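For reference, the chains in residue letters:
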Amino acid sequence: MALRLSSKVLLIDPVRMLPSLLLPLGGVLVAGGFSARSFVFAAMGVAGSIVFAVIRWATFTYTIVGDRLELTRAFVSRSVRTIPLERIRGVDVSTPPLHRLLGLAVLKLDTGAGGDKQEGELNGVTVEEAERLRAVLLARRVIPTVALSESSTSSTGTSTGMTPAGESAPGHGEEHYYIRVPRSWLRYGPLSGAYLLTPFALVAGAVGLLFQWGDEFGISGRDAWAVGEWLWDRPQYLIVAVIVLVLAMPFVGGVMYAIFNWDFTLKSRDGYLVAERGLINRRAVSLERRRIRGYELAESPPERVAKLVRVWAVVTGLGDSQTRGQLLPVTPKFAALAIAAEAIGPFGPSNATTSPGQATSPGQATSPGQATSPGQVGPFRPSSQFGQAHPSEHDAPSAQVPSGQVPSAQVPSGQVDSAGQASSTGMPLRPHPPQARRRRLFRAIFPWLLVAAVAGVLGWGVVVVIALVLALLGIPLGLDRYRSLGHAYDGARLSVRSGSLRRTQAIVERRAIVGWTFKQTWFQRSSRLLTVIAGVGAGKGGYSALDTGERQGVEFAAEVTPEWLNQFIARP
């Protein structure tokens, strides 16, 4: 039976069309001198947009027929879009402000097509219908996996009782909560660089809007230029404005962070990881666990000082991965690592005995080198009746490790990485050669020295001073970039790390590797270095171990996939 969107969406469509109607309606009123006739024509335009919205609503239907979802539109011509259920890799449900007031939601289907225009969207279903559709679509989506598992068991007569890392059998609607971020953790939001720059982004947007719409308000480009010259002649006002924006950064950044990440919840349901967040626009993103190939940690310098980290999933065929793939916002590192280990799989010495290509299943009992149970690291309380973690109220963890410390069980004693510190993932990263340090210093210092030299020739004294200061700051920056370099392999997953202002560490399953790329510039050849890129059919498409030694990089790739490379390596 074909279904339509809720009729309440007709109250939202005219409001959504209003921005596009402002200029035409304003032009009609101005051209008519704001006469009665001009208002009549403007009212006719508004009425026409409402009629158009009603026709669009009445001619759009959706239905689930067998193993496919059909979206039908019959306005001027009839078009039917068919989406096979097996192509649906995730279902996102969001509730923008106007939709929430009317009890509506927006349901988007992630088919891995890589663009919103190629994905299905139902904008204006009721919240209950959205939840029903998500349950139906995801339940039918995992049926082929279950059938495949049953046929494999019947054909062999045995069952291992295990699933590869990142996969999980459907739970028939059961939910397992990994974490419900306490509201006290919202104070970490201002430490995220993206949110810190919010005041400057708002000012830049206002200036751009002024240039775009200035003529409508009688402000010409010449007037804006005159204001700019007036401010340039009075730099004290610019300095005061910059100071005000800088002082507003923590407050405004914290507010924006809270709006986007309010009540962040990560849970598993029916073979999917589900992340829900948002205050004004509540959004729920479902990631199919069997397509998750690892995770990526990101941290800015302030976050590193405070022992905080953000986590993204590495998922095959996921569009807009920076938004949809987020597993955790700014979170204490000890909790983030434990949750990632349980939800996706651990990285560390405990995997050394695992056969290549096979990773420990999330949630299995592990050795002390791995993460602890969710009840020990996050805001949960283990249920004695069901043996499952359930979200509690927004309070502090009951058995929380002191703030800023990593549980000793996660870092084997005496193991350090290339930064001279305990590895954040529980396994030391292998340091890169000293030549890599020289390259990091050269790239951080030399460009500014070159700028200072050119500015000195041109007689720009202020530029010379600024460039020299930046060159001096490049020394600690280059050293930190070198300390951040590292790579490792634990028998099931590989890890690479790099960066300073935004340090990232990717932990990727061996089975996700589809190829290797060895890059070597002229400067790298003179230093006997190379960059090893692990080609992955997920996430960014490739993860690089920067400036490894020539033999070190090749042996790293051969260690991960010996059957591919051992035959090409000349052993001493």
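Overview of the structure.

Definitions and cut-offs
- Residues numbered from 1 in each chain as written.
- Predicted model: local features only at pLDDT ≥ 70, side-chain atom pairs only at ≥ 80, totals over all residues.
- Heavy atoms only, no water.
- Patch = residues over 30% accessible without salt bridge, like charges linked within 9 Å, V, L, I, M, F, W, Y side chains within 5 Å.
- Areas by Shrake-Rupley, 256 points an atom, 1.4 Å probe, with all protein chains shown as cover.
- Salt bridge = Lys/Arg side-chain N within 4 Å of Asp/Glu carboxyl O.
- Helix = DSSP H or I, 4+ residues; strand = E, 2+ residues; numbered from the N terminus.
- Pairing = 2+ DSSP bridges.
- Axes fitted to C-alpha atoms, helices over the stretch in contact; angles between N-to-C directions.
- Phe/Tyr/Trp six-rings, centres within 6.5 Å; stacked < 30°, edge-to-face > 60°.
- Buried < 20%, exposed > 50% of the residue type's maximum accessible area, 1.4 Å probe, protein only.
- Lys NZ or Arg CZ within 6 Å of the ring centre and 35° of its normal.
- Contact = heavy atoms within 4.5 Å.

## Focus on a nonpolar patch on the surface
Then step 1. Together, Phe442, Phe446, Trp448, Leu450, Val451, Val454, Val457, Leu458, Trp460 and Val463 line one region of the surface with nonpolar side chains, adding up to about 960 Å² of accessible area.
Then step 2. For the nonpolar patch, the element with the highest residue contribution is helix α13 (residues 434–458), accounting for 8 residues.

## Quick look at the sheet that holds strand β21 (residues 542–549)
Then step 1. Strand order in this open sheet of 3 strands is β19-β20-β21, and the pairing throughout is antiparallel. Taken across any chain shown, the strands that pair with only one partner, and hence form the sheet edges, are β19 (513–519) and β21. Geometrically, the sheet is characterised by an average inter-axis angle of 20 degrees between neighbouring strands, direction not taken into account.
Then step 2. Here 6 bridges tie strand β20 (residues 529–536) to β21, and the two strands are oriented antiparallel to one another. Within β21, the position partnered with Ala534 by the bridge is Tyr543.

## Regarding the packing of aromatic side chains
Then step 1. Under the counting rule described, the total for this entry stands at 6 aromatic pairs.
Then step 2. Centroid distance Trp516 to Phe556: 6.1 Å. Interplanar angle 75 degrees. Geometry classified as edge-to-face. Taken together, the residues span a long stretch of sequence, with Trp516 in strand β19 and Phe556 in helix α16 (residues 550–560) at a distance of 40 residues. Accessibility assignment for this pair places Trp516 and Phe556 in one class, buried.
Then step 3. Here the guanidinium or amino end of Arg437 rests over the ring plane of Tyr482, the centre of that ring lying 5.2 Å away.

## Quick look at the environment of Phe60
Then step 1. In this structure, Phe60 sits in strand β1 (residues 60–65).
Then step 2. Residue class for Phe60 comes out buried when judged on its relative accessible area of 9%.
Then step 3. Distance in space between the C-alpha atoms of Phe60 and Leu71 is 7.4 Å, their sequence separation being 11 residues.
Then step 4. In this view, Phe60 contacts Leu3, Arg4, Leu5, Leu71, Thr72, Arg73, Glu121 and Leu122; residues no more than four positions away in its chain are not counted.

## Details of the pairing of β20
Then step 1. Counting buried positions along β20 yields 8 of 8 residues, so the element is predominantly enclosed.
Then step 2. Pairing of β19 with β20 involves 6 bridges; the strand directions are antiparallel. Paired with Thr517 across the bridge in β20 is Ile533.
Then step 3. In sequence, β20 turns back onto β21 through a hairpin of 5 residues, with Gly539 there showing a positive phi of about 60 degrees.

## Looking at the pattern of salt bridges
Then step 1. Applying the stated criterion across every chain yields a total of 27 salt bridges.
Then step 2. Across the pair Arg528 and Glu550 runs a salt bridge, and its minimum N-O distance is 3.3 Å. One end of the pair, Arg528, is in the loop between α15 (522–526) and β20; the other, Glu550, is in helix α16, and 22 residues separate them in sequence.
Then step 3. Judged by relative accessible area, which is 24%, Glu550 ranks as partly exposed.
Then step 4. Bridged by salt links that share partners, the residues Glu175, Arg180, Asp263, Lys267, Arg269, Glu276 and Arg282 form one connected network.

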